[in-house]
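Residue strings, one per chain:
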Amino acid sequence: MGGSDPLKNFIRVLLLAIIFFVIGIFFNIGQKDDLHSILIGNKEMSSYEGELQTNHVDEKKDSTKEVEGLAATIGKKEKEIKEIYGNPSRIDPSAYGYDWWIYNQKEDNYFQLAVEKGKVVSAYGIGDQVNIAPFKIGQSIDEIYSSLYAETSVDIEADGSNYRFELSEEDMNMRPLIELGDKYAQLYLDKFTGTLSSVRFLDDSTLLKHKPYELIYRGELMPEEVLSNEDWAKIEAGNKQQIFDITNIMRNRFNVDPLKWDEPTANVAYLHSQDMADANYFSHVSETKGDLADRLEVGHVTYHSAGENIAANYVDAIAVMEGWLNSKGHRDALLNEEFTYLGVGVYEKYYTQNFISK
């Protein structure tokens, strides 16, 4: 009789394994983003730790009100978009299966539309005059939270799988997610001014592709795009140009002169992004290439002062720019009045900004 216990235990474990296999298991996927900033030829920037306090309401506000402007473009076909906004200035491929239609004719009306299989799946607005209803660029965080409710978790069901995004306190302070009927608004908040910097509208499929927050899921993850070296080169070029565009929009917002493009500096930035990816490190100092001053010298870049922002593992150029804006050291470099030129280098999901003054 005593020999039956191991058999019972084996059967119990086997049954539990079968049950878990049938119903599925929840997994956690965390979003890890990295940022660093450094200056040379000027005082070193100190690190900053801060927290933005927001008013959390007890009752859920109505967030399903009728949308217009950029939010209303989600689901529209290419033909409708061209009838409303005309042709884009350029089209940048992304790492997520859609192409960004860039509308940058005017800084105060800058926006991007993500088009996949002939329809819009996401829209991003940062220009001061862009219609991002029910929000406004520069709107106070208190005003936003008084009329709409941001959940600390968002549930999505798709193709028989269940997904839950869990937002951390930092997410709620800087990039909350708000449901607007059948679409979502990812708000990028400027914690230093307490206002809305920009907004990204997107459908649930695109949100799941980005995985911008900690994700718990039961079932299967959406497959990631398989990208060739040629694909990545085109994506990197688009992200590079978007970072340059958005940098000057942010500088203009704070009454700082725009930066000019500097190709030799951009080459230095690209090589550093590539080196970090290839050597699997994240730092301003390379064991083989040296620090920023060393790399600028090898690149034959002359300057009076220089600064560098780096980032890794962000979704795209938009997320990187808003991340830099919300970090004291990066923000100081981004809005530094002494800098006159910028070079940007992107290699897959490694991003480098090199600022110089001549």
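These numbers come from a predicted model, not from an experiment. (Residues numbered from 1 in each chain as written. Predicted model: local features only at pLDDT ≥ 70, side-chain atom pairs only at ≥ 80, totals over all residues. Heavy atoms only, no water.)

1. Focus on the overall build of the protein
What counts here: Runs of H or I in DSSP of at least four residues are treated as helices and runs of E of at least two as strands, each being numbered from the N terminus. Exposure classes here rest on a 1.4 Å probe applied to the protein chains alone. A residue is buried below 20% of its type maximum, exposed above 50%, and partly exposed in between. Only the protein chains shown count as cover for residues, with accessible areas throughout obtained via the Shrake-Rupley method and a probe of 1.4 Å.
The number of helices and strands found in the protein is ten helices and 16 strands. Each of the 358 residues in the protein was classed as buried or not, and the buried ones make up 48%. About 17,900 Å² of surface is accessible on the protein, with carbon and sulfur atoms providing 49% of the total.

2. Quick look at the packing of aromatic side chains
Condition: Put simply, two rings from Phe, Tyr or Trp (the six-membered ring, in Trp's case) pair if the centres are within 6.5 Å, and we call them stacked under 30 degrees between planes, edge-to-face over 60, tilted for the rest.
Summed over the entire model, instances satisfying the criterion amount to twelve aromatic pairs. Seen in terms of ring centroids, Phe-244 and Trp-261 are 5.2 Å apart; in terms of plane orientation they differ by 85°. Their pairing is edge-to-face. Of the two residues, Phe-244 is situated in helix 6 (residues 229–253) and Trp-261 in strand 13 (residues 260–261); the sequence distance between them amounts to 17 residues. Take Phe-244: its relative accessible area is 13%, and that puts it in the buried class. Here the aromatic cluster, defined as three or more aromatic residues joined through ring pairs, consists of Tyr-85, Tyr-103 and Phe-111.

3. Brief notes about unusual backbone geometry
Of note, the bond from Ala-133 into Pro-134 is cis; its omega dihedral lies within 30 degrees of zero at 10°. Mapped onto the fold, Pro-134 is located in the loop between strand 6 (119–125) and helix 3 (141–147). For Lys-211, which is not glycine, the phi torsion reads 50° and is therefore positive. With respect to the helices, strands and loops of the structure, Lys-211 is situated in the loop between helix 5 (204–210) and strand 12 (214–218). The phi dihedral of Asn-313 is positive, around 70°, even though this residue is not glycine. Tracing the backbone through its elements, the reader meets Asn-313 in the loop between strand 14 (305–312) and helix 9 (317–325).

4. Remarks on the sheet that holds strand 9 (residues 177–180)
How we decide: By the convention used here, strands pair only if DSSP detects at least 2 bridges between them. For every element, the axis is a line fit to its C-alpha atoms; helices are fit only across the contacting stretch, and the angle between N-to-C directions ranges from 0 to 180 degrees. Note on definitions: a residue-residue contact is assigned when non-hydrogen atoms from the two residues lie within 4.5 Å.
What the seven strands build is an open sheet, ordered 3-4-5-6-11-10-9; its pairing is antiparallel. The open sheet has two free edges, formed respectively by strand 3 (90–93) and strand 9, since each of these has just one partner strand. Going from strand to strand, the sheet's axes swing by 25° on average, the running direction of each strand aside. Each of strand 4 (99–103), strand 5 (111–116), strand 6, strand 10 (183–190) and strand 11 (195–202) touches helix 9; the most contacted strand, strand 11, lies at about 160° to it.

5. Considering the pattern of salt bridges
Test applied: What makes a salt bridge here is a side-chain nitrogen of Lys or Arg within 4 Å of a carboxyl oxygen of Asp or Glu, nothing more.
Scanning the entire structure with this criterion turns up 15 salt bridges. Among the ionic pairs, Arg-295 bridges to Glu-308, the shortest N-O distance being 2.9 Å. Residue Arg-295 is located in helix 8 (residues 292–298), and its partner Glu-308 is located in strand 14; the two are separated by 13 residues in the primary sequence. One exposure class covers both Arg-295 and Glu-308, and it is buried. The network of salt bridges with shared partners includes Arg-90, Asp-92 and Asp-245.

6. Things to note about the pairing of strand 10
Strand 10 sits mainly inside the fold: eight of its eight residues count as buried. Here strand 10 shows two buried faces, one formed by Lys-183, Ala-185, Leu-187 and Leu-189 and the other by Tyr-184, Gln-186, Tyr-188 and Asp-190. With four bridges joining them, strand 9 and strand 10 adopt antiparallel strand pairing. Paired with Glu-179 across the bridge in strand 10 is Tyr-184. Hairpin connection of strand 9 to strand 10: two residues between the antiparallel strands, including Gly-181 at a positive phi of 65°. One ladder, built from seven bridges, connects strand 10 with strand 11; its direction is antiparallel. Pairing of Tyr-184 across the sheet is with Leu-202, part of strand 11. The antiparallel hairpin formed by strand 10 and strand 11 contains four residues in its connecting segment, where Gly-194 sits at a positive phi of about 70°.

So, to be careful, I would describe these as geometric facts and stop short of saying anything about function.
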